[in-house]
Amino acid sequence: MIKIVQFGEGNFLRTFVDLYFDTLNKEGGDYKVNIVKPITFGTLDKFKAQNNKYHIVLRGVAGGKPVEDVYKVDVLENVIDPFSDTNLYYELAKDDQLKIIVSNTTEAGICFNANDKIDDFEGITYPAKLTKFLFERFNAGKEGVYLLPVELIDNNADELKKCVDKYIELWGLSNQFKKWNDEQNFYCNTLVDRIVSGYPKTPEDIAKVENLIGESDKLVSIGEPFGLWAVEKKGDIAKYVKEGVHNIEVVLTEDIKYYKKRKVRVLNGSHTNIVPVGLWSGAVTVYDCMVDEKLSKFVQDTLTEEIVPYVSDDIKATTVFADSITERFLNPYLNHLLTSISLNSISKWRARDLPSFKDYYNDHGAIPTRLTIGFSYLMAIYSNIVKIGDKYMVKLPSREIEILDDKPYLEYFANKNSIVDFMKDVSVWGEDLTNYNGFANTVIENVEKINKGISLI
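Owing to the predicted nature of the structure, the values given are computational and were not obtained by experimental measurement.

**What about the packing of aromatic side chains?**
Alright, step 1. Counted under the stated rule, the structure contains 38 aromatic pairs.
Alright, step 2. Seen in terms of ring centroids, phenylalanine 413 and phenylalanine 422 are 4.7 Å apart; in terms of plane orientation they differ by 65°. Their pairing is edge-to-face. Each member of the pair, phenylalanine 413 together with phenylalanine 422, is buried.
Alright, step 3. For arginine 14, the ring lying beneath its charged end belongs to tyrosine 54, and the centroid distance is 5.1 Å.
Alright, step 4. In this arrangement the basic side chain of lysine 129 is found over the ring face of phenylalanine 121, its NZ or CZ atom lying 5.5 Å from the centre.

**Observations concerning the side chain of serine 270**
Alright, step 1. Turning to its location among the elements, serine 270 is positioned in helix α9 (residues 257-281).
Alright, step 2. If sequence neighbours within four positions are ignored, serine 270 has contacts with Arg265, Leu303, Ile307, Ile325, Phe329 and Asp353.

**Structural notes on the pattern of salt bridges**
Alright, step 1. In the structure shown here, the tally under the stated rule is 27 salt bridges.
Alright, step 2. The partner of glutamate 215 in a salt bridge is lysine 72, and the shortest N-O contact between them spans 3.9 Å. Separated by 143 residues along the polypeptide, glutamate 215 in the loop between α8 (203-213) and β11 (221-223) and lysine 72 in strand β4 (residues 65-73) bring together distant segments of the chain.
Alright, step 3. Classification of glutamate 215 as partly exposed rests on a relative accessible area of 37%.
Alright, step 4. A salt bridge links lysine 142 to aspartate 96; the nearest nitrogen and oxygen atoms lie 3.0 Å apart. With lysine 142 in the loop between α5 (126-139) and β7 (146-149) and aspartate 96 in the loop between α4 (86-93) and β6 (98-103), the pair connects residues that are 46 residues apart, well separated along the chain.
Alright, step 5. Overall, the relative accessible area of 52% leaves aspartate 96 in the exposed class.

**A few points about the sheet that holds strand β15 (residues 386-388)**
Alright, step 1. Ordered in space as β15-β16-β17, the 3 strands form an open sheet in which the pairing is antiparallel. Only two strands of the sheet have a single partner each, and these edge strands are β15 and β17 (400-402). Across the sheet, the mean angle from the axis of one strand to that of its neighbour is 40°, orientation sign disregarded.

Conventions and cut-offs
- Counting restarts for each chain, with residues numbered from 1 along the sequence as it is written.
- Given that the model is predicted, a residue must reach a pLDDT of at least 70 before its local features are reported, and side-chain atom pairs must reach 80 or more before they are shown or counted; all residues, however, enter totals for whole chains, interfaces and linings.
- In computing side-chain properties, one takes all heavy atoms of the structure into account and sets aside hydrogens as well as water.
- Pairs were defined over the aromatic rings of Phe, Tyr and Trp, the Trp ring being its six-membered one, requiring ring centres within 6.5 Å. Orientation was assigned from the angle between planes: stacked under 30 degrees, edge-to-face over 60, tilted for the rest.
- Remark: exposure states derive from per-residue accessible area (1.4 Å probe, protein chains only) relative to the maximum for the residue type, with buried under 20%, exposed over 50%, and partly exposed in between.
- Geometrically, a charge over a ring is one whose NZ (Lys) or CZ (Arg) sits within 6 Å of the ring centre while staying within 35 degrees of the ring normal.
- Working definition: helices are DSSP H or I runs of at least four residues, strands are E runs of at least two. Numbering for both runs from the N terminus.
- We call two residues in contact when some of their heavy atoms are within 4.5 Å.
- Throughout this description, the term salt bridge denotes a Lys or Arg side-chain nitrogen within 4 Å of a carboxyl oxygen of Asp or Glu.
- Strands pair, by our definition, only if DSSP identifies at least two bridges between them.
- Only the stretch in contact is used when a helix axis is fitted, and all axes are lines through C-alpha atoms; the angle between N-to-C directions ranges over 0 to 180 degrees.

The following block contains the structure:
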């Protein structure tokens, strides 16, 4: 048996990674996934109630016809809350059959905090928790594992290892452990690509899905048929991660940079840039944006002029991928809510849109119009945050929504602090955004227009 420890129980991992390993089982493999809840928020009651089984529905259009495929997933061996069952969590670290660790803790999850203590658990970062897990495995005399983070940051596995190395140094862990981590653990950079909308959002959709799968399922998740997992080829990874199409297409490659850059900039970058514009304009889903003439043109023009030219020298190949993206956005079955995509928008804009912004600026000597517009709508939304109880709310022209992001950012704007000062904060953006000539002034002017009800698209 090949065991996988998965940090994260969310819709994406269950619709992508877990469905992949479940498919391998149905093809004759022997895989078991053990989910670990990485943060205290939320419960695992739904998993327990359903004996760790659930359904995936992949909806899309093929040959001009609607497709709805149902998969029952039973690859989960256990679902663990390490905050209440620490012993069970660390028993996994000592398991000889453990070969792979997968994580999805959002772009903000792979980070280092010098204040983290080795005797703490609840309040420390995911890389800190991972370091303790690996140290337990090392002390048990076990072999190393393959680490496959799917967080959407450049060189995600390299960045994860840097964090682990820092914790080894911070906590004064042994040189033998560091050597074991360097030589026996394989940190493989990855790229994942599948649009997942998750649990159906309306009573009508819930009823339809339950009728489709034949039973009630509180963990059912909806995604698109398209799926790609590019994994950096290291060690004997091919023994455990099988190439080819197994529900998703898996590519083992020694150079993952092109796949990563293409997906993050074209798919995620266009997603992140349209979300605040769409929200302010009254759209609810990505599909709503794509059937609206102005919003759809905004997406297409952003891709064509400000993103695609800076992905690779092979603009034609990237254009083909971009065209497939716009078709995927037009999938009417996903019901991909803009509010869902808006989670952690600040770190997402930095990871997904700022690189294209910088490349355009360096090429043209001027700020890109549409990426600037997207950023302006983002700042308009955040600068209108009002704290109500323990929630951070924004009143849009069409409705009121809750904003979910890192608390310091939410508090900053709830206290009505300056947009320009926020743009200057190197700890937020990795640089001072006001150094781009005309950017700050344009954003402030744009936000004033947006607040007056003037559309920028």
